[in-house]
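# Descriptive analysis of the structure
So you can see what is in the structure, the chains are spelled out below.
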Amino acid sequence: MEFKQIYINHMKNPIGFDFDSLFISCELSAKNYPEDLEKKMTIFCQGRIIYLTEWQTANDLSFKPIFKLTRKTRYEVLVELRSNDKFYSQKAFFETGLMNSFQQSKWIGSEDTSVHGINLCKQITIPKIKQARLYITGLGLYEAYIDGKKVGDEYLAPGFTDYNYYIQIATHDVSNLLNEPGIHTLQISLGDGWYKGKLGIQTHGGKANQYGNVLMANAELDYMDDSGIKHILGTDSTWQIETSHIPHSGIYYGEDFDETLSTKDLSTKEFKQPTKHLKDRLSLPIKEHEIFEAKRIDTIDHDIVLDFGQNMSGWVTFENTLPKGTKVELQYGEIIQKGNLYRDNLRSARASFTYVSDGTKHLIRPHFTYFGFRYVKLIGFPEDIDLKLFHARALYSDMEEIGQIKTDNTAVNQLFSNIKWGQKSNFLDIPTDCPQRDERLGWTGDAAIFSKTASYNMDTYQFNKKFAFDIAVEQSFRNGEVPLYVPNVDGKDGGKAVWGDVATIIPWVSYLRSHDSTILRQNFGAMMSWVDWIHDYAKSTKNEFLWLDSDQLGDWLALDTEDIMHLKGKTPDELIASTYYYQSVKIVAQTALILHSKREHEYYKLLAEKIKEAFITEFYTAGGRLITDTQTALALCLKLGLYPQDFHEEIVKKLVGRIEKDQNHLTTGFVGTPDLLPALSENGQNDLAVQIFLNDDYPSWLYEVRLGATTIWERWNSIQPDGNINKNGMNSLNHYSAGAVMQWVYEYLLGIKQGEQLIIQPQITPKFKIMSGKTKLNTGELKVQWRLADHQGSRVEVILDIPFDNPAQVILPRTQNWIDNGMKHQNGDILQSGHHEISYEPKINFINTFNVHTALNKFMNNQEITNNLKELVPFWGFLELPGNIDHFKDYSILQLSQEMKGIGFTPLNDEQLARIDRYFRTYAKEQIEKEDELK
């Protein structure tokens, strides 16, 4: 057994975070885990034991120590494990920051509101030191330097918050930058950022000074000299201020960086605290991650366009070899159109970086902005410039990548990469909608529906904790209502279903994935205030148990739209709103149960029951028919169990029929897309779900892949089949919301389902020969792999690595029993943590075959198949009339069965449909046998 890691509040050795509570957890790895494992934790401070547990049975690998923390203090954590005579141990540490206040420093800056870039400078003389810390924050964005060397490896600090309510303080260990005694220069550079630069969507191109109009910073340098004496140097009026070499920067604007610019001294002013609260950081640091080399594309204007092969958020760096005074520009964009860089979809965002060279060789990069891009156009560079000088660097919050899925289908693997890059590109301190145009806001609906997928791909606990706090801040100003984006910036709109339900969904998902209830406890009040806000609103309408008569965004960008603006689908707004009302109330009731809040649990449980009762009365006829048959409505009702008793099968058939009418393609938007495939797979229609997933024509996920996408698009047709970009004014090629389909792959195709009992239930399909994946649970990595061991699909092999304290019920398809490591098991048995190699022979072979959902064009030219279908399909003779087969080629047998009623044919019954499917399986098996004979 390997003791791999200790996590402090889901982070590795965190420094300067807001430790309002402690959750210490451990990660193990082993082929087999001991059954008698015991655990013990010791916490030290300056060599003294300040917290100690006794040896205890390791029912889990977490600790929740409670003791009083001291500011500016490092705590060492030792966790020991033992089993029989074997001992294991691991160490970690965490360090507190200022614990929410500076004590010996002032806010300083320039009161010149016309200045967009300044440097705060101070020369200090220090003796030989033992250690040093810099505690710092700023408005807008800041970077700190000591003797010209950047402090830390994070960017765009202090992150994006409601600066009027709170600002985050970062803690940096700067001992290595001050290890030589003598004179040192401290510098804090500031640019507008989210605080002062143009931002928001109420005003075209954004509005300046959303939170303030002057740049300022606050910092304390703490160091301990060689004799053990502590010293504090803080920002104050003795610091000098000058204009910087960055005269203009902005999130939408980009940046101008002129190293030949003469600086100008400014007067230093001390300011009152510009915010209600100062907090030790919640934000994970934004860091550079993957680095990409450039490929050259020549354009019609003789400028150079670089292709980095991946759409991303970040910037391009280059080694400066330009003569002094040379001005160059880098323009960023997502796509090439007609041989040139297309940037119209950026709208008013300038999104470029200009640089004036000082003639010296060094690395050039932006400082106070970021870009969404795959391509960069070089303007003013020599045509023979060395492309090896240029690199694209991806910027995103420093989350550990914990999930991966791989199949034998390269297009599907590319889709998974696209989904991850959509997440990386938009998880930049807040979950933004897109990283390139004049928006980049924390749209709550996108975050809500993608949160589960995000948590499988990366460890999002701390990221979610910060965003949940931001949501609660905004709710505190609005009596529980949630705005459309957070931080709210300039928006007044809010209180909309799905978007507002982020207040319950984000904490709930974080709990389900981590088993750490801290985030529920911290957000329980905000979660209740959201559903209470809905309930209060509902009381003002005709039914307090439904969300009616309210302006909604509905199924945003759905394809079954009847909206004149083509922005939302035809699923009734009130149906969507009421389903999410029900879901959020249920989440709050379950949260109350977990937190032992009995009265709240009973209240919200009863409210959920009332909502369900009212929903069925309102949205179903007396005969049990749902008032609409959209894919989104039917999927939502199936997901949440919102249908009359005994009408489950009817709803499933209705959904299948609706999809058949849509030629087995999705028509869903933001709301329906995450639930469509789960609704099918959960209700015996996994083959249809897989078929929709694997479509590669419009509209589908693989259509995007086929047209060269490296991230997820905002619209299903963001790029037209001819390669031309959709000229709609709202068109991003890097939106992550539709990537929520990856949750379905994790939970149904791989079969990972977390709850009170971990269940591994892969929906094995012959559309893939092999599928493997992994993600982290609370104690370690869970790995799942299944493969069809022969081309006849007659043998299945499943490999599982189950982490400690996560016994899993294993349910495998088309069998009643299976062999694990030589031992026979009944299907549904529980396997203990460790490595398992399972095999079985399915009752029905997994053969890739056609079925009643398959479009005729897939097999209509196969004479053998069509001859046999004449005996099985009563209307086949009609299809063979001149011109008919071509006319109906995109339809399936099941769909045509329903449509042929109009010309006198009786729809195929279940037995007839089953007989057709059996024929297709027999045909496929015979083909495999013939191939074997030829070999």
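For every chain, the first residue of the written sequence is number 1, and numbering continues from 1 onward in sequence order. Totals for whole chains, interfaces and linings use every residue, but because this is a predicted model, local features are given only for residues with pLDDT of at least 70 and side-chain atom pairs only at 80 or more, for both listing and counting. Derived side-chain values reflect all non-hydrogen atoms in the structure, with water molecules and hydrogen atoms excluded from consideration.

Turning to the overall build of the protein chain, a few remarks are in order. Each helix is a run of H or I in the DSSP string that is no shorter than four residues. Each strand is a run of E no shorter than two, and both are numbered from the N terminus. Within the protein chain, the regular secondary structure consists of 19 helices and 47 strands. For the radius of gyration, the atom set is restricted to C-alpha positions; the globular benchmark scales as 2.2 Å times the number of residues to the power 0.38. Against the globule reference of 30 Å for 935 residues, the protein chain gives a C-alpha radius of gyration of 30 Å, in line with a compact fold. Taken over the C-alpha atoms alone, the protein chain extends approximately 95 × 75 × 70 Å along its principal axes. Accessible area is worked out with a 1.4 Å probe on protein chains only. A residue is then buried under 20% of its type maximum, exposed over 50%, and partly exposed in between. In the protein chain, buried positions account for 61% of the 935 residues. By sequence separation, contacts in the protein chain at least 24 residues apart represent 71% of the contacts at least 6 residues apart. Side-chain charges in the protein chain split into 99 positive and 123 negative, and the spacing between the mean points of these groups amounts to 2 Å. Residues are treated as being in contact if the distance between any of their heavy atoms lies within 4.5 Å. Positive residues here are Lys and Arg, negative ones are Asp and Glu, while His and the chain termini are left out of the count. For charged residues, the charge sits on one atom: NZ in Lys, CZ in Arg, CG in Asp, CD in Glu.

This part is about the sheet that holds strand 16 (residues 182–191). Strands were regarded as paired on the criterion that DSSP finds at least two bridges between them. Spatial strand order, 13-12-16-10-19-22: 6 strands in an open sheet with antiparallel pairing. Each edge of the open sheet carries a strand with a single partner, namely strand 13 (149–150) and strand 22 (265–266). Across 10 bridges, the pairing between strand 10 (residues 117–126) and strand 16 is antiparallel. Within the sheet, the bridge partner assigned to Gln123 lies in strand 16 and is Thr185.

Turning our attention to the pairing of strand 26 (residues 295–298). Bridge count for strand 26 against strand 27 (residues 304–319) is 4 bridges, and the pairing is antiparallel. Bridge pairing in strand 27 links Lys295 to Asp307. What sits between the antiparallel neighbours strand 26 and strand 27 is a turn of 5 residues, in which His302 has the positive phi angle 70°.

Below, the discussion takes up empty space enclosed by the protein. Both cavities and pockets are sets of points on a 1 Å grid over the protein atoms alone; in a cavity a 1.4 Å probe fits but cannot get out, in a pocket the set is open with protein on both sides within 12 Å along at least five of seven lines, and lining residues sit with an atom within 4 Å of a point. Grid points are joined across faces, edges and corners, and a volume is the space filled by probe spheres set on the points. Across all of its chains, the model carries 7 cavities of 30 Å³ or more by this definition. Approximately 110 Å³ is the volume attributed to the largest cavity. Around the largest cavity, the lining is made up of 13 residues, and of these Gly669, Phe670, Glu714, Trp716 and Ala738 lie nearest the centre. Gly falls in the polar group here, along with every residue not listed as nonpolar (Ala, Val, Leu, Ile, Met, Phe, Trp, Tyr, Cys, Pro) or charged (Asp, Glu, Lys, Arg). When its residues are assigned to classes, the lining of the largest cavity shows 7 nonpolar, 4 polar and 2 charged.

Moving on, we come to unusual backbone geometry. Following Leu139, the chain continues into Gly140 via a peptide bond in cis, with omega recorded as -5°. Structurally, the position occupied by Gly140 is in the loop between strand 11 (129–139) and strand 12 (141–146). Cis geometry marks the peptide bond from Val486 to Pro487, where omega comes out at -10°. Along the chain, the position of Pro487 falls in the loop between helix 4 (461–476) and helix 5 (502–514).

Time to look at the side chain of Thr541. If you trace the backbone, Thr541 turns up in the loop between helix 6 (518–539) and helix 7 (573–594). You can call Thr541 buried: its relative accessible area is 17%. Apart from the residues lying within four places of it in its own chain, the contact partners of Thr541 are Leu546, Leu548 and Asp549.

So, about the side chain of Gln691. By the secondary structure assignment, Gln691 is in helix 12 (residues 686–694). Judged by its relative accessible area of 17%, Gln691 falls in the buried class. Once residues lying within four places of it in the same chain are set aside, the contact partners of Gln691 are Asn664, Asn851, His853 and Thr854.

Let us now look at the packing of aromatic side chains. Working definition: a ring pair exists when centres of Phe, Tyr or Trp rings (six-membered ring for Trp) sit within 6.5 Å. Plane angles under 30 degrees give stacked, over 60 give edge-to-face, the rest tilted. Counted under the stated rule, the structure contains 51 aromatic pairs. Residues Phe381 and Phe390 carry aromatic rings whose centres are separated by 5.5 Å and whose planes lie at 70° to one another, so their mutual orientation is edge-to-face. Exposure class is identical for Phe381 and Phe390. Each is buried. Ring centres of Phe427 and Phe463 lie 4.6 Å apart, and the angle between their planes is 10°; this geometry places the pair in the stacked category. Of this pair, Phe427 sits in strand 36 (residues 427–428) while Phe463 sits in helix 4, placing them 36 residues apart in sequence. For Phe427, a relative accessible area of 4% puts it in the buried group. An aromatic cluster of three or more residues is present, and its members are Phe19, Tyr51, Phe67, Tyr75 and Phe94. Working rule: Lys NZ or Arg CZ, within 6 Å of ring centre, within 35 degrees of ring normal, means a charge sits over the ring. In this structure, Lys39 is placed above the aromatic ring of Phe63, and the distance from its NZ or CZ to the ring centre is 4.6 Å.

Turning next to the environment of Leu282. Here Leu282 is to be found in the loop between strand 24 (277–280) and strand 25 (286–293). Placed 350 residues apart in sequence, Leu282 and Thr632 show a C-alpha to C-alpha distance of 36 Å. Beyond its immediate chain neighbours, meaning those up to four positions away, Leu282 contacts Phe17, Asp18, Tyr166, Gln168, Gln462, Lys465, Lys466 and Phe469.

A side chain with one charge may pair with a side chain of the opposite charge, provided their charged atoms come close. When a carboxyl oxygen of Asp or Glu lies within 4 Å of a side-chain nitrogen of Lys or Arg, that pair is called a salt bridge. Inspection of every chain in the model, using the stated rule, returns 47 salt bridges. Two residues, Glu154 and Arg281, come together in a salt bridge whose shortest N-O distance is 2.8 Å. With Glu154 in strand 14 (residues 154–155) and Arg281 in the loop between strand 24 and strand 25, this residue pair connects regions lying 127 residues apart in the sequence. Judged by its relative accessible area of 8%, Arg281 is buried. Of the charged contacts in the structure, one is a salt bridge between Lys539 and Asp536, with a shortest N-O distance of 4.0 Å. Of the two residues, Lys539 and Asp536 both sit in helix 6, 3 residues apart, roughly one turn of that helix. What makes Asp536 partly exposed here is its relative accessible area of 49%. Within the structure, one salt-bridge network assembled from shared partners comprises Arg347, Arg437, Asp438, Glu439 and Glu714.

That's the geometry; what it means functionally is another story.
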